[in-house]
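# Architecture at a glance
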Amino acid sequence: MDHTESCLFCRIARGEIPSYKVYEDNLAIAFLDISPASRGHTLVLPKEHCRDFTSCPKDLLDHCFEVAQTIAQAQIAQLGATGVNVLTNVGPSAGQSVFHFHIHVIPSYREKVLDLTTKPLAIADKEMLLLQDEIKKAI
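Calculation rules
- Residues numbered from 1 in each chain as written.
- Predicted model: local features only at pLDDT ≥ 70, side-chain atom pairs only at ≥ 80, totals over all residues.
- Heavy atoms only, no water.
- Helix = DSSP H or I, 4+ residues; strand = E, 2+ residues; numbered from the N terminus.
- Expected span 1.5 Å × (residues − 1).
- Buried < 20%, exposed > 50% of the residue type's maximum accessible area, 1.4 Å probe, protein only.
- Arc of directions from axis to C-beta.
- Pairing = 2+ DSSP bridges.
- Axes fitted to C-alpha atoms, helices over the stretch in contact; angles between N-to-C directions.
- Contact = heavy atoms within 4.5 Å.
- Polar contact = N/O pair within 3.5 Å; in protein donor to acceptor, adjacent residues only side chain to side chain.
- 1 Å grid on protein atoms, 1.4 Å probe; cavity = no way out; pocket = protein on both sides within 12 Å on 5 of 7 lines; lining within 4 Å.
- Points joined across faces, edges and corners; volume = space filled by probe spheres on them.
- Salt bridge = Lys/Arg side-chain N within 4 Å of Asp/Glu carboxyl O.

## Remarks on helix α4 (residues 125-137)
Taking 1.5 Å per residue as the helical rise, α4 with its 13 residues ought to reach 18 Å, and the 18 Å between its terminal C-alpha atoms agrees with that figure. All buried positions along α4 are accounted for by M128, L131, Q132, E134 and I135. The buried residues of α4 occupy one face: seen down the axis, they fall within an arc of 165°. Away from the buried face of α4 by more than 90 degrees, exposed residues K126 and K137 are located.

Encoded structure:
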């Protein structure tokens, strides 16, 4: 079986699995993380499968970071974020759990510093749809 057949993020990019999509073009897709570290936590990834940051073609990598910048600007403009963490994990020892390159764009509010050791937020579907709409307004 082709690895893209079973890859969770490839399946989301192809529309086989629903997501709270906030952005899409011919190369990349961005959607809300369903295990968010904060309200509006968004994942940006290429539609083309590449395992991680170190193996992603540079032009695609550049494009994904441009999309991540746009998402961060939208989170600040629409969600009232006072800061944004932008990160990617490479390998299990760095916390990568889905082996398809992706960028976390995590809005922060007030003076709270991101703590990746805390449990993800539980956000209801209604709130996720609201966040999705708010981010999309600024893109």
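## Focus: the sheet that holds strand β2 (residues 28-32)
If you walk across this open sheet you meet the five strands as β1-β2-β3-β5-β4, and the pairing is antiparallel. Edge positions in the sheet fall to β1 (21-24) and β4 (83-87), since each of these pairs with one other strand and no more. The mean angle between the axes of side-by-side strands here comes to 15°, regardless of whether they run parallel or antiparallel. Sheet analysis places β2 next to strand β3 (residues 42-46), joined by five bridges and oriented antiparallel. Paired with F31 across the two strands is L43, which belongs to β3.

## A word on helix α3 (residues 58-79)
End to end, α3 covers 30 Å across 22 residues, agreeing with the expected 32 Å (1.5 Å per residue, within 8%). For α3, the set of buried residues is L60, L61, H63, C64, V67, A68, I71, A72, A74, Q75 and L79. Looking at the packing, one finds that the buried side of α3 touches β1, β2, β3, β4, β5 (103-108) and α4. Where α3 ends, the next residue or the one after it, G80, has phi of about 75°, a positive value.

## What about the side chain of S38?
Along the polypeptide, S38 turns up in the loop between β2 and β3. Overall, the relative accessible area of 9% leaves S38 in the buried class. Within the structure, the side chain of S38 is placed 2.5 Å from the backbone oxygen of P107, a separation counted as a polar contact.

## Things to note about the layout of surface pockets
Where empty space is left becomes clear once a probe the size of a water molecule has been rolled over the atoms. Looking at the largest pocket, its volume works out to about 580 Å³. Mapped onto the lining of the largest pocket, the elements with two or more residues apiece are α2 (8-13), β2 and β5. Looking at the lining of the largest pocket, the element that brings in the most residues is α2, giving three residues.

## Description of the pattern of salt bridges
Evaluated as defined, the whole model comprises six salt bridges. Between E16 and R14 there is a salt bridge, with its nearest N and O atoms 2.8 Å apart. For R14, a relative accessible area of 39% corresponds to the partly exposed category. With its nearest N and O atoms 2.8 Å apart, the salt bridge here joins E134 to K137. Of the two residues, E134 and K137 are both situated in helix α4; the distance of three residues between them amounts to about one turn of the helix. Relative accessible area serves as the criterion here: at 19%, E134 is assigned to the buried category. Beyond isolated ion pairs, a larger network of salt bridges with shared partners links R11, R14 and E16.

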